[in-house]
Amino acid sequence: MAASKNDAKKKPSVAPIQIMDTTLRDGHQSLIATRLKTEDMLPIAGKIDQIGYSAIEMWGGATFDAAIRYLNEDPWERIRQLKKVMPKTPFQMLLRGQNLVGYRHYADDVVERFIDRAILNGIDIIRIFDALNDMRNLKTSFRATLKYGGKVEGALCYTVSRFHNNDLFVDLARRLEDMGSESVCIKDMAGLLSPYDAFDLITKMKAAINVPIHLHTHDTSAMAVSTYVKAIEAGVDIIDTAISSMASGTSQPPVETITRILQGEPRDPKLDMNLLTEIADYFVDVRKKYKEFESDYTGVDPRVLTYQIPGGMTSNLALQLSEQNALDRMKEVLEEVPKVREDFGFPPLVTPSSQIVGTQATLNVLTGERYKVITTETKNYLKGLYGKSWGPINEDIQKKAIGGEAAITCRPADLVDPELEKAKKELEKELKSVSKNIENVITYALFPQVALDFFKNKSSAAKKKTVEPKLAMEAPVPLLAPSEYNIKVHGETFQVKVGGMGHPGEEGRPYFIYIDGHLEEVMVDSQLEVVPSAEGRIDSHAGGRSTRPKVTHEGDVTTPMPGAVVNVKVRPKDKVKAGQVVLIIEAMKMQSEVHTSIDGIVKDIYVQEGDKVNPDEVLVEVRPEK
Ligand code: MN
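An account of the accompanying structure is given in this report. (Residues numbered from 1 in each chain as written. Predicted model: local features only at pLDDT ≥ 70, side-chain atom pairs only at ≥ 80, totals over all residues. Heavy atoms only, no water.)

**Considerations on the overall build of the chain**
Next up, step 1: Looking only at helices and strands, the chain features 20 helices and 22 strands.
Next up, step 2: Excluding contacts between residues fewer than 6 apart, the proportion of contacts in the chain whose partners are at least 24 apart in sequence is 70%. (Helix = DSSP H or I, 4+ residues; strand = E, 2+ residues; numbered from the N terminus. Contact = heavy atoms within 4.5 Å.)

**Concerning the pattern of salt bridges**
Working definition: two side chains of opposite charge can pair if their charged atoms are close together.
Next up, step 1: According to the stated counting rule, one finds 41 salt bridges in the structure shown.
Next up, step 2: Connected through shared salt-bridge partners, Glu77, Arg80, Arg117 and Glu439 make up one network. (Salt bridge = Lys/Arg side-chain N within 4 Å of Asp/Glu carboxyl O.)

**Details of the coordination of the manganese ion**
Next up, step 1: Around the manganese ion, the protein supplies Asp26 (OD), His216 (NE2) and His218 (NE2) as donor atoms, at distances of 2.1 to 2.2 Å.
Next up, step 2: The sequence pattern describing where the donors of the manganese ion fall on their chain is D-x189-H-x1-H. With a gap of 192 residues between them, aspartate 26 in helix α1 (residues 23–31) and histidine 218 in the loop between β7 (213–216) and α9 (224–233) connect regions that are remote in the sequence. Each of the two residues, aspartate 26 as well as histidine 218, counts as buried. (Donors = N, O, S within 2.8 Å, 3.2 Å for Na, K, Ca; no water. Buried < 20%, exposed > 50% of the residue type's maximum accessible area, 1.4 Å probe, protein only.)

**Focus on a nonpolar patch on the surface**
Next up, step 1: Together, Tyr485, Ile487 and Val489 give the surface a local cluster of nonpolar side chains, amounting to about 220 Å² of exposed area.
Next up, step 2: Among the structural elements, isoleucine 487 can be located in strand β9 (residues 484–489). (Patch = residues over 30% accessible without salt bridge, like charges linked within 9 Å, V, L, I, M, F, W, Y side chains within 5 Å. Areas by Shrake-Rupley, 256 points an atom, 1.4 Å probe, with all protein chains shown as cover.)

**A word on empty space enclosed by the protein**
Next up, step 1: Under the definition given, this model contains four cavities of 30 Å³ or more.
Next up, step 2: In this structure, the second largest cavity occupies an estimated 80 Å³ of space.
Next up, step 3: Every residue along the wall of the second largest cavity is listed here: Thr220, Thr250, Tyr297, Asp301, Arg303, Val304, Tyr307, Ile309, Thr314 and Leu334.
Next up, step 4: Among the residues making up the lining of the second largest cavity, the classes are represented as five nonpolar, three polar and two charged. (1 Å grid on protein atoms, 1.4 Å probe; cavity = no way out; pocket = protein on both sides within 12 Å on 5 of 7 lines; lining within 4 Å. Points joined across faces, edges and corners; volume = space filled by probe spheres on them. Nonpolar A, V, L, I, M, F, W, Y, C, P; charged D, E, K, R; others polar.)

**Structural notes on the sheet that holds strand β16 (residues 563–568)**
Next up, step 1: Taken together, the four strands give an open sheet; going across it, the order is β19-β18-β16-β21, and neighbouring strands pair in antiparallel fashion. Each edge of the sheet is formed by a strand with only one pairing partner; in this case those strands are β19 (590–595) and β21 (612–613).
Next up, step 2: Where β16 meets β21, two bridges bridge the pair, whose relative direction is antiparallel. The residue of β21 that forms the bridge with glycine 563 is valine 613. (Pairing = 2+ DSSP bridges.)

**Notes on helix α10 (residues 255–262)**
Next up, step 1: Of the positions making up α10, those classed as buried are Val255, Glu256, Ile258, Thr259 and Leu262. The buried side chains of α10 occupy one side of the element, clustering within an arc of 165° when seen end-on.
Next up, step 2: Where α10 is buried, its residues contact β1 (18–21), α9, β8 (238–241) and α11 (273–289). (Arc of directions from axis to C-beta.)

**Comments concerning the nonpolar core**
A general tendency of soluble globular proteins is for nonpolar side chains to be buried together.
Next up, step 1: If you look at the biggest cluster of nonpolar residues, it comprises 104 residues, and the most contacted ones within it are Leu24, Trp59, Phe114, Phe283 and Leu446.
Next up, step 2: Take this core: its biggest share by element is eight residues, from α11.
Next up, step 3: Those residues in contact with phenylalanine 114 that lie beyond four places of it in its chain are Trp59, Phe64, Trp76, Met93, Leu95, Leu100, Val101, Ile442 and Leu446.
Next up, step 4: With 28 residues, the next largest nonpolar core counts Met313, Leu317, Ile397 and Ile402 among its residues. (Core = buried A, V, L, I, M, F, W, Y, C linked by side-chain atoms within 4.5 Å.)

**Quick word on the state of the cysteines**
Next up, step 1: This structure, assessed with the given rule, holds zero disulfides.
Next up, step 2: No disulfide involves cysteine 157; its nearest neighbouring cysteine sulfur is the one of cysteine 185, lying 8.6 Å away.
Next up, step 3: Taking relative accessible area as the criterion, cysteine 157 reaches 0% and is therefore assigned buried. (Disulfide = S-S within 2.5 Å.)

**Remarks on the layout of surface pockets**
Next up, step 1: Quantified by volume, the second largest pocket comes out at close to 410 Å³.
Next up, step 2: Lining the second largest pocket are 19 residues, and of these Lys372, Val373, Thr558, Pro560 and His595 sit closest to its centre.
Next up, step 3: Sorting elements by how many residues they give to the lining of the second largest pocket places β19 first, with three residues.
Next up, step 4: For the lining of the second largest pocket, the residue count by class is seven nonpolar, seven polar and five charged.

Here it is in structure tokens:
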């Protein structure tokens, strides 16, 4: 219907294909769990800048969270540092609409200020999507990007289900153009788009809209190169690739391959192969440093066409499962994902819906009963707080999650009060000097707990050098001191050095200890005062009980999976009813409520906020009233 306004544009474009490089964002997000540090980007950044990419994607997505959660890096500083050495090529970031770079809907004032500062620091183009393709969730970020002088690339999340087809995606593209997109992105975050579907979709889209079409896909099923070739034949304007040593599998296809395929053809991007090779060599070495973050799930896996888990999610899911010591359940979790997705009305799986569905599927498998534990995010999703899904939601599960409540029908962010002032006051109370910087306030508004830890870490200046265990272990864990000391036994002195520890088994936890230079494996029985945290540190139960009793009574409240206590909802001597929430636990970045299963009185509490907890430990003791 809208084709009439652009008849002149119907012929496939013969301009050289434009290429965006994703190595510094999606490439490492998809292959090494977003761990690439700025210090490993800077030495090669100048060369990447010389290639002639249409843009460099280097921010957004999971990079913000990962920088403060794992890397002890200020994400805002990354833009500034890279900009200094990459002045030529536009910077692009990925933004989750009203979710920004987080997992929930933020208030409009946070969205506006975040985008303002991102552009001010050097972001040129913002790719904006909503996980549910709910256009209402894009409004504020579109408006803010245009207001502060950025370019909007509206993105539609591509997915496959009986509720999705190409005509519908073309219609979405039209709406994105109408809302002010300067280019429209087909975001195929799981690599589901087949070459022939791509040809059809792009042909139709070219006839329907005037702005450039940008295709983003992943090579998980190894179709991506052919998908790009067919898309290029149909006239797509821009495609996403990564440098070969950070490409393929769950990442984007290699830029070198595309360049070679198009050599001498009308759409040849004419990139400098020698320079590309230099960059590829650099990342061959750098990638080795991040070996521990490579999972078994970053290679080619055509099963993605069934499970529909996006690139970054697969490797993160594997990492999360290994932290839960349950990597062997990966297959069951992957099979549970499509079932949960159907219950949820077939949302495209992309952050945050991929995390919500993925974590719920993990809980459904690990707890041994579907929806026995329902995360707060699942609850909010089923309440409509993330927007509207295109397929119908399983009403039984919705009822189980939100009871008799009705789902909302307005734009979700309309229900979120302004948050920035509140965040500033909270941060001021905790860290006054830190709160004077608006970027810190935004960081805090996005991830309060993680941000606080990050700021405190940073201010305790002397960046603690963690001990890197050199032994082969499932998940290496740096140790808290003392790791080296002398002991005297029967008058003889031995030099002891703790190398690291492994995962606990039935006989306890193996410790790897050097005694006078000889390696010994020592089994330590499980009642330890230290437990490894999700981040691989070892935290003592500071302020809490050193040992928690094992679950023996019906009123003993424990956690369904290893995690951290976010909130203790009861006090000793409180009267509680069966089903009442007593704790909020965070595991795998999602929060879950923990309930008491009996009526009674809170007799004892063995945890406080921030404590790391494990199943089978009593966290709260509830006893029947006498
Ligand atoms: Mn992607």
